[in-house]
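# Chains, contacts and geometry: an overview
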Amino acid sequence: MPLDDESSPWQVESSNTFVPIHHQGNLAGFLNKEYTAQMIKFLNDQEVLAKALKLACTDLIKKTGGDTTQVNNLMKKYIKISERPKYGTRAIAVLLSERQKALDLSSQEFTKFCDTFKLSPSELYDIYAGEPIDDSLLAPLARILGISKEQVLEVRDGGEE
């Protein structure tokens, strides 16, 4: 991708094994020639998505009569809730959903599967609803997820930062 392409903020100049990467005309770093095309596409796509999110948040705030100076805060909020949760009940819910997909079970079948491991349908519903997970559910969750009780506890309570 030539440097004089003004339409893309991320650009690459390829001439060596490690090639310089430019962002809006400024040198940002060097990448192995083998990965540059993929990385530049990814970085440019990220910029487009960020611009789209900003426009959508601006439109939403304008339509609701809110303060347009809060666009960045709204963007941060949407990014945060879109990220995969690492800890807490939401993270356990994601692990359960992934387990259901891995086992190729319908929701009804997965509910029965969990019930055989002593996680009742109402307890499963509470986890998906974001309710706190009681210690008595750690062992059943560990068996369902195929991980240790300690790992479930770490996901529930958060890792050491």
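Notes on the structure follow. (Residues numbered from 1 in each chain as written. Predicted model: local features only at pLDDT ≥ 70, side-chain atom pairs only at ≥ 80, totals over all residues. Heavy atoms only, no water.)

The helix and strand tally for the chain stands at seven helices and three strands. Mapped in sequence order, the helices and strands of the chain form the string β-β-β-α-α-α-α-α-α-α. Taking the principal axes of the C-alpha coordinates as reference, the chain spans close to 65 × 50 × 35 Å. Residue burial in the chain is summarised as follows: out of 161 residues, 29% are buried. When the accessible surface of the chain is summed, it comes to about 11,100 Å², and 54% of that surface belongs to carbon and sulfur atoms. Considering the chain, the positive charge centre built from 19 side chains and the negative charge centre built from 24 side chains are found 3 Å apart. (Helix = DSSP H or I, 4+ residues; strand = E, 2+ residues; numbered from the N terminus. Buried < 20%, exposed > 50% of the residue type's maximum accessible area, 1.4 Å probe, protein only. Areas by Shrake-Rupley, 256 points an atom, 1.4 Å probe, with all protein chains shown as cover. Lys, Arg positive; Asp, Glu negative; His and termini not counted. Charge placed at Lys NZ, Arg CZ, Asp CG, Glu CD.)

Okay, the environment of I144 next. With respect to the helices, strands and loops of the structure, I144 is situated in helix α6 (residues 138–145). Between the C-alpha atoms of I144 and K54, which are 90 residues apart in sequence, the distance is 40 Å. Beyond its immediate sequence surroundings of up to four residues, I144 is in contact with L96, R99, F110, F113, C114, F117 and L119. (Contact = heavy atoms within 4.5 Å.)

Enumeration over the complete set of coordinates arrives at two aromatic pairs. For the ring pair F110 and F113, a centre distance of 5.9 Å and an interplane angle of 25° mean the geometry is stacked. With a gap of three residues between them, F110 and F113 both fall in helix α4 (residues 107–116), about one helical turn apart. Classification of F113 as partly exposed rests on a relative accessible area of 21%. If you follow K77 out to its NZ or CZ, it ends over the ring of Y78, 5.7 Å from the centre. (Phe/Tyr/Trp six-rings, centres within 6.5 Å; stacked < 30°, edge-to-face > 60°. Lys NZ or Arg CZ within 6 Å of the ring centre and 35° of its normal.)

With that out of the way, let us pick up the pattern of salt bridges. As a working rule, side chains carrying opposite charge can pair if their charged atoms are close by. Inspection of every chain in the model, using the stated rule, returns four salt bridges. With a closest N to O distance of 2.9 Å, K41 and D45 form a salt bridge. You can see K41 and its partner D45 sitting in helix α1 (residues 36–63), four residues apart, about one turn around the helix. Look at K41 and you get exposed, because its relative accessible area is 53%. Take D45: its relative accessible area is 34%, and that puts it in the partly exposed class. With a shortest N-O distance of 2.7 Å, D157 and R156 are connected by a salt bridge. Each of D135, R156 and D157 takes part in a single network of salt bridges with overlapping partners. (Salt bridge = Lys/Arg side-chain N within 4 Å of Asp/Glu carboxyl O.)

The next point concerns the nonpolar core. If you look at soluble globular proteins, the nonpolar side chains tend to sit buried side by side. Ranked by size, the top nonpolar core spans 18 residues in total, and within it I92, L96, L119, I127, L141 and V152 carry the most contacts. Secondary-structure elements contributing two or more residues to this core are α3 (89–103), α4, α5 (121–128), α6 and α7 (149–157). Not counting residues up to four positions away in its chain, the partners in contact with L141 are I92, L96, L119, I127, I133 and V152. (Core = buried A, V, L, I, M, F, W, Y, C linked by side-chain atoms within 4.5 Å.)

On their own, these measurements won't tell you what the molecule is for.
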